[in-house]
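# Structural overview
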Amino acid sequence: MSGTGEHEHEHEDEEELRWLDEQEKAAWTGLISLVLLLPAKLESPLRQEHGLTLFEYLVLSHLSEAPRRSLRMGELAFLASGSLSRLSNVVKRCEQRGWTVRTPDPANGRYTLAELTDAGFDIVRLAAPTHLRAVRRIVLDSLNTADQKALARIAQKLHIVPDDFG
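### So, the overall build of the protein chain
When its secondary structure is counted, the protein chain shows seven helices and three strands. When the helices and strands of the protein chain are listed from N to C terminus, the series reads α-α-α-β-α-α-β-β-α-α. Looking at the protein chain as a whole, 27% of its 166 residues qualify as buried. Here the analysis covers contacts within the protein chain between residues at least 6 apart in sequence; of these, 52% occur between residues at least 24 apart. Per element, the accessible surface of the protein chain, about 11,700 Å² overall, is 55% carbon and sulfur.

This is how it looks when you write it as structure tokens:
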């Protein structure tokens, strides 16, 4: 293991590695803090007041905004930023509560549609003000218009939010 080629490879790895400078470290620390801590802060009022997780609320909310309150499961997983398996578990729990139903897509039976029931819509209508107040208090009220635009631009640059997300 003491061949010249291996030492050259180790040297190449060291050259490719660029440690974070102070500005980069501050940016990364800020971002990872947002990613790890913000969801729990937004979820807390939803759990306390409505017994909903943030992901459940996002799923129900996206369904409430969809035409006929119905979306293909794959599209809903994308919109709610979750995996299909996680979404399936949440939609199943929501079905048990009477908030959603799943049916084969009449346009293509290979797909499954999730549809929001009237009871599910009522839950979204009750929980939406709670979520909106949390979003404003925890995120938006601390940001000016330039900050909000910068945050949206950064998310787009990082390909977190697709160009056609709207």
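From this point, the discussion proceeds with the structure in view.
### What to know about the pairing of strand E3 (residues 108–116)
Examined bridge by bridge, strand E1 (residues 70–72) and E3 share three bridges and lie antiparallel to one another. Across the sheet, the residue bridging to Arg72 is Leu113, located in E3. Where strand E2 (residues 100–105) lies against E3, six bridges are found, and the strand directions are antiparallel. Paired with Arg102 across the strands is Ala114, a residue of E3.

### A look at the packing of helix H2 (residues 22–50) against helix H3 (residues 54–65)
For the pair H2 and H3, the least separation of the axes is 8 Å and the interaxial angle reads 75°. Comparing the axis directions of H2 and H3 gives the class roughly perpendicular. Mapping the contact onto sequence places Pro39, Leu42, Glu43 and Leu46 in H2 and Leu54, Phe55 and Tyr57 in H3.

### Regarding helix H5 (residues 84–96)
Helix length check: H5, at 13 residues, gives a terminal C-alpha distance of 18 Å against a target of 18 Å (1.5 Å per residue), a fit within 8%. Inspection of H5 places Leu87, Val90, Val91 and Cys94 among the buried residues, and these make up the whole buried set. Looking straight down H5, one finds its buried side chains confined to an arc of 100°; they lie on one side. Turned more than 90 degrees away from the buried face of H5 sit Ser85 and Gln96, all of them exposed.

### So, the environment of Thr53
As for its position among the elements, Thr53 is in the loop between H2 and H3. According to the relative accessible area criterion, Thr53 is buried, its value standing at 14%. C-alpha of Thr53 to C-alpha of Ala40: the two residues are 13 residues apart in sequence and 9.1 Å apart in space. For Thr53, the contacting residues outside a window of four places in its chain are Glu43, Leu46 and Arg47.

### As for unusual backbone geometry
Look at Arg69: it is not a glycine, yet its phi comes out positive at around 50°. Relative to the helices and strands, Arg69 is located in the loop between H3 and E1. For Arg69, a relative accessible area of 23% puts it in the partly exposed group. The residue Ser81 is not glycine, and still its phi comes out positive at about 60°. Looking at the secondary structure, you find Ser81 in the loop between helix H4 (73–79) and H5.

The rules behind each value
- Residues numbered from 1 in each chain as written.
- Predicted model: local features only at pLDDT ≥ 70, side-chain atom pairs only at ≥ 80, totals over all residues.
- Heavy atoms only, no water.
- Helix = DSSP H or I, 4+ residues; strand = E, 2+ residues; numbered from the N terminus.
- Buried < 20%, exposed > 50% of the residue type's maximum accessible area, 1.4 Å probe, protein only.
- Contact = heavy atoms within 4.5 Å.
- Areas by Shrake-Rupley, 256 points an atom, 1.4 Å probe, with all protein chains shown as cover.
- Pairing = 2+ DSSP bridges.
- Axes fitted to C-alpha atoms, helices over the stretch in contact; angles between N-to-C directions.
- Parallel < 35°, antiparallel > 145°, perpendicular 65-115°, else oblique.
- Expected span 1.5 Å × (residues − 1).
- Arc of directions from axis to C-beta.

Don't take any of this as a statement about function, it's just geometry.
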